[in-house]
Amino acid sequence: MPTSFLPTRAFQAYQIFAANTNVGKTIFATGLCRAAAIMAEQNNRDVFYVKPVQTGFPIDSDERHVKTYNKSSLLKTNTLYTYPDPVSPHIATDKPPKDEEVLENVKRQILDYVQQQKPNGSYLFLETAGGIHSPVMSGTPQADFYRSLRLPTILIGDSNLGGISTTLTSFESLKLRGYDIPTVLLFDQLRYRNHELIRQRVHKESLVATVPKPPPMQDDPIKEQESMKKYYEQLDEHLVPVIKHLDLEHKKRFDRLESMADKSRDVFWWPFTQHKLVGDVTVIDSAYQDNFTTYQNNHPKEMFDSCASWWTQGLGHANPDLTLSAAYAAGRYGHVIFPESTNETALSLAEKVLEKDTWASRVFFSDNGSTAMEVALKMGMSATAKRYGFNIKAPVEVLGIDGSYHGDTIGAMDACAPNLYNEQVQWYQPRGHWLKPPTVHISHGRPFVRLPSEMAPQGSNKFYKPLDDIYSLKEDKELTKIYSDYIRHELKSLGAQNRRIGALLMEPVLMGAGGMIFVDPLFQRTLVDIVRNEGSELLYGVKNNQEDSWKGLPVIFDEVFSGWYRLGRRSASEFLGVNPDITAYAKTLTGGLLPLALTVTKESIYNIFLSKNKPDCLLHGHSYTAHPMGCAVAKTSIETLDHLSETKWNVFRNNWKKQDAVWSMWSPAVVDQLSRYNNVESVMALGSVLAVELKDQHKGYGSLASKSIVEHLRSGVFKNGFDGTERTGVNLFARPLGNVVYLMTSQVTTPEGVRQCEQAFLEAIEKHNKL
């Protein structure tokens with residue numbers, strides 16, 4: 001169902017921002033409504049005007065002014081929130097409504113107008129209050145508050161002395177937030193001629209037009225009204241061409257949107273995509289907070305980004321704080337060389353990370369998770385080779401966990417067991433040994449650990465009462481012995497084969513790309529303990545006597561996916577109660593805004609590469625290593641996430657108050673309900689991740705069991721609106737992982753947003769359950 005409050009080819013909508021107060025915004029709004037009405041009469045269209053927030057009411061009423069000087073029967077107007085005190089909205093009331101409520105009412109008003117419009121469509125003008133950073137009642141700046149509407153902006157510039165600065169500053173601030181500004185309008189001030197310089201600065205992006213100043217105000221109200229009536233009649237000839245320009249830009253916009261899907265099919269080679277199976281192409285016109293604004297066949301739709309844009313999105317799309325951090329770093333540095341150099345953004349980020357990872361002392365910068373893992377492997381393998389005297393040409397392998405995946409570069413790919421991702425890559429060569437993991441599930445409301453057949457005949461399940469018992473690492477002698485016996489047996493076998501194992505490599509707690517596999521933390525903790533305390537003897541017959549260094553084998557944690565609060569804790573290693581020797585971070589590190597990755601390690605690993613010979617160093621790097629924008633954004637992201645973790649997630653934690661070790665943004669009641677469907681094998685939720693394993697005889701990435709559910713989530717109609725009615729088009733942009741359907745929130749998703757997603761997911765699973 002289309003999201004009808006978004007612009008379409010027929011529905012031509014604009015918001016009117018001003019560079020300052022008292023620059024004539026309402027006069028321009030009135031003139032634009034008149035000019036649009038002239039054009040609408042020719043094309044049999046409607047004109048709508050909405051003023052969301054009005055202070056100083058009823059003495060001041062912008063809506064009243066618009067109606068007074070616009071007698072067209074085509075014009076319909078409304079004001080939503082009124083306050084008598086003529087002050088900034090954030091101090092006009094001591095009971096400010098929530099942003100979500102105000103925004104929803106704005107959307108409903110727009111939707112109401114769309115439902116009234118003639119078949120040929122309409123114009124809409126939304127007039128804001130004050131300047132672009134003037135707040136709504138909650139204190140949120142209007143530039144941020146209205147961003148999700150994705151309306152093209154008409155900026156009313158300041159024609160007074162000093163107005164060049166305020167206008168250009170407003171223009172740049174709006175552009176930083178992703179607004180399109182087809183037109184800048186000003187009064188024609190012959191003395192200052194601000195428009196001339198402003199036009200030079202913005203002419204490539206916006207039409208800059210001027211109109212005559214209004215006449216001096218008259219004391220006699222009748223004469224004043226007659227004077228303004230004549231003024232607006234004069235204004236028509238100046239603003240009708242502006243409306244024609246807006247018409248042309250609007251047509252260009254939708255011509256482009258209409259062609260993007262087919263043109264993209266012709267030029268893109270999409271990752272992880274079988275192009276012969278591609279159905280509709282999702283044209284993403286904009287993204288803000290948790291949602292995409294999308295167009296398919298020119299029909300608009302809001303879609304909740306329920307795959308977190310491949311797990312990167314953590315603080316909402318186009319987060320203003322992150323955007324400003326990136327802009328500041330771009331303006332201060334651009335990009336600067338990093339080897340043998342330093343800059344404030346890189347140093348402050350490294351210091352911030354090491355404040356948390358107190359076990360570590362060194363930070364290596366790269367640009368994506370796969371590369372961060374390549375660096376980690378080089379670190380770990382070199383350290384092991386030097387300690388145990390491996391021949392430099394001798395092959396070295398990893399000890400890993402079956403089902404893990406560490407990236408698509410060749411080295412990282414070789415560190416994974418044969419799987420769908422690498423089996424058709426000619427250069428792939430498995431370099432390691434991978435242990436079968438016990439995995440965590442919930443079925444019919446009961447948490448359990450599923451043991452592989454390698455540990456128990458035909459496999460078996462161990463059930464628990466609360467999920468917390470699994471993640472609290474309570475002593476379980478029976479299970480610990482099963483795990484220990486299996487691990488020691490595998491290590492002894494590798495030692496007997498003279499296999500050179502260079503590092504223990506694993507994704508702690510959750511293996512993402514392998515199918516959202518939740519590994520029993522007790523198994524991983526036992527594995528780390530044995531590798532560190534007995535690994536050197538079991539593999540190489542050498543007793544471990546390293547007290548101030550890494551032990552046994554370097555332990556590498558791949559936290560590209562799980563790090564920085566994705567699972568409810570800053571680091572997934574906290575679930576295991578052990579620290580790694582090397583770890584890799586990416587994805588939510590920068591809140592999903594820019595590519596950046598870190599490989600963090602301790603001094604004893606770093607020292608391996610110290611030498612007077614240059615070739616002995618860690619020969620790895622990129623042109624954009626430690627690029628300042630990424631570093632600045634990452635630091636802001638970390639600070640924001642740390643703040644959120646202190647109190648903002650308590651509403652979610654309280655839903656899981658019977659648990660001490662685990663919590664999720666997904667409610668336990670919904671997890672329980674999902675676990676009881678006949679078509680569901682098991683469910684698991686942790687932090688922002690919800691994963692549902694569907695019953696299917698074909699397991700893994702090649703399964704098509706989730707295809708119909710994902711399609712329904714993307715294009716279904718769900719009865720879970722704010723008032724219990726059908727929603728106006730918010731669907732869930734989900735991606736399947738074989739027979740696993742997963743949903744993921746950001747770290748700033750509201751409880752209402754989560755509930756909306758849950759209801760849609762339940763409806764989709766239930767519909768599939770009945771097929």
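Keep in mind it's a predicted model, so treat the numbers as computed, not measured.

## Let's talk about the nonpolar core
Then, in step 1: Within the largest apolar cluster, 125 residues are counted, with the highest numbers of intra-cluster contacts made by Y471, M516, L674 and F761.
Then, in step 2: Looking at this core, the element that brings in the most residues is helix 16 (residues 521-540), giving eight residues.
Then, in step 3: Looking at this core, you find at least three residues from each of domain 2 (284-305 + 664-768) and domain 3 (324-437 + 473-641).
Then, in step 4: If near-sequence neighbours (up to four positions away) are discounted, M516 is found in contact with W311, L510, M511, F561, V689, A691, L737, V740, Y742 and M744.

## Some points on the packing of helix 6 (residues 163-176) against helix 7 (residues 194-202)
Then, in step 1: It is at 10 Å that the axes of helix 6 and helix 7 come closest, and there the two elements cross at 30 degrees. For the element pair helix 6 / helix 7, the angle class is roughly parallel. Helix-helix and strand crossings are classified by hand; for helix 6 and helix 7 the assignment is right-handed. Of the residues in helix 7, those touching helix 6 at G163, I164, T167, L168, F171 and E172 are N194, L197, I198, R201 and V202.
Then, in step 2: Counted by class, the contact of helix 6 with helix 7 contains six nonpolar, three polar and two charged residues.

## Examining the environment of L197
Then, in step 1: When you line up the elements, L197 lands in helix 7.
Then, in step 2: For L197, a relative accessible area of 36% corresponds to the partly exposed category.
Then, in step 3: Taking the C-alpha atoms as reference points, L197 and Q673, 476 residues apart in sequence, are found 63 Å from one another.

## Concerning the domain arrangement of the protein chain
Then, in step 1: Looking at the assigned domains, one finds that the protein chain contains domain 1 (11-259), domain 2 (284-305 + 664-768) and domain 3 (324-437 + 473-641).
Then, in step 2: Using only C-alpha atoms to locate each centre, domain 2 and domain 3 end up separated by 31 Å.
Then, in step 3: Facing the 14 residues of domain 2 at the interface are 17 residues of domain 3.
Then, in step 4: With both sides pooled, the region where domain 2 packs onto domain 3 buries about 1,200 Å², and carbon together with sulfur makes up 78% of that total.
Then, in step 5: For the pair domain 2 and domain 3, the number of links is zero salt bridges.

## Section: the environment of W666
Then, in step 1: Its location among the elements puts W666 in the loop between helix 20 (650-655) and helix 21 (668-674).
Then, in step 2: For W666, a relative accessible area of 1% translates into the label buried.
Then, in step 3: The spatial distance from the C-alpha of W666 to the C-alpha of M744 is 9.3 Å, given a sequence separation of 78 residues.
Then, in step 4: A distance of 3.0 Å separates a polar side-chain atom of W666 from the backbone oxygen of S688.

## Regarding the sheet that holds strand 9 (residues 291-296)
The pairing of strands in a sheet happens through backbone hydrogen bonds and is either parallel or antiparallel.
Then, in step 1: An order of 8-9-10-25 is seen for the four strands of this open sheet, with the pairing classed as mixed. The open sheet is flanked by strand 8 (283-288) and strand 25 (731-732), the only strands paired with a single partner.
Then, in step 2: Relative to strand 10 (residues 299-304), strand 9 runs antiparallel, the two sharing six bridges. Bridge pairing in strand 10 places Q296 opposite H299.
Then, in step 3: In the packing of helix 8 (residues 221-267) onto the sheet, contacts are made with strand 8 and strand 9, and the angle to strand 8 comes to roughly 115 degrees.

## Examining the pairing of strand 22 (residues 597-601)
Then, in step 1: Of all five residues in strand 22, five are buried, a share of seventy percent or more.
Then, in step 2: The two faces of strand 22 match: A597, T599 and T601 on one face and L598 and V600 on the other face are all buried.
Then, in step 3: Bridge count for strand 11 (residues 362-366) against strand 22 is five bridges, and the pairing is antiparallel. Its bridge partner lying in strand 22, F364 is registered against T599.

Criteria and cut-off values
- Numbering of residues begins from 1 in every chain and follows the order in which that chain's sequence is written.
- Per-residue local features of the predicted model are confined to residues with pLDDT of at least 70, and side-chain atom pairs are confined, for both listing and counting, to 80 or more; whole-chain, interface and lining totals are unaffected and use all residues.
- Heavy atoms from the whole structure form the basis of all side-chain values; hydrogens and water molecules are not counted.
- Throughout, nonpolar core names a set of buried Ala, Val, Leu, Ile, Met, Phe, Trp, Tyr and Cys residues whose side chains join them through atoms within 4.5 Å.
- Here the term buried applies to any residue with accessible area under 20% of the maximum for its type, exposed to any over 50%, and partly exposed to those in between, with areas from a 1.4 Å probe on protein chains only.
- Helix and strand labels come from DSSP, where a helix needs a run of H or I of at least four residues and a strand needs a run of E of at least two; each type is numbered from the N terminus.
- An automatic or database domain assignment provides the domain bounds reported here.
- Residues count as neighbours in contact if any of their non-hydrogen atoms are within 4.5 Å of one another.
- Note on geometry: axes are C-alpha line fits, over the in-contact stretch for helices, and angles between N-to-C directions span 0 to 180 degrees.
- We call two directions roughly parallel when the angle between them is under 35 degrees, roughly antiparallel when it is over 145, roughly perpendicular when it lies between 65 and 115, and oblique otherwise.
- Left-handed describes a crossing in which the near helix is turned anticlockwise from the far one by less than a right angle; the clockwise case is right-handed.
- Ten residue types, Ala, Val, Leu, Ile, Met, Phe, Trp, Tyr, Cys and Pro, are classed as nonpolar, four, Asp, Glu, Lys and Arg, as charged, and the remainder, Gly among them, as polar.
- Accessible area that two parts lose when put together, evaluated with a 1.4 Å probe and summed over both, is termed the buried area.
- Any carboxyl oxygen of Asp or Glu within 4 Å of a side-chain nitrogen of Lys or Arg constitutes a salt bridge here.
- Within 3.5 Å is the distance limit for a polar contact, defined as a pair of N or O atoms, with the added protein rule that one can donate a hydrogen and the other accept it, and that residues adjacent in sequence qualify only through two side-chain atoms.
- Pairing between two strands requires that DSSP report at least two bridges joining them.

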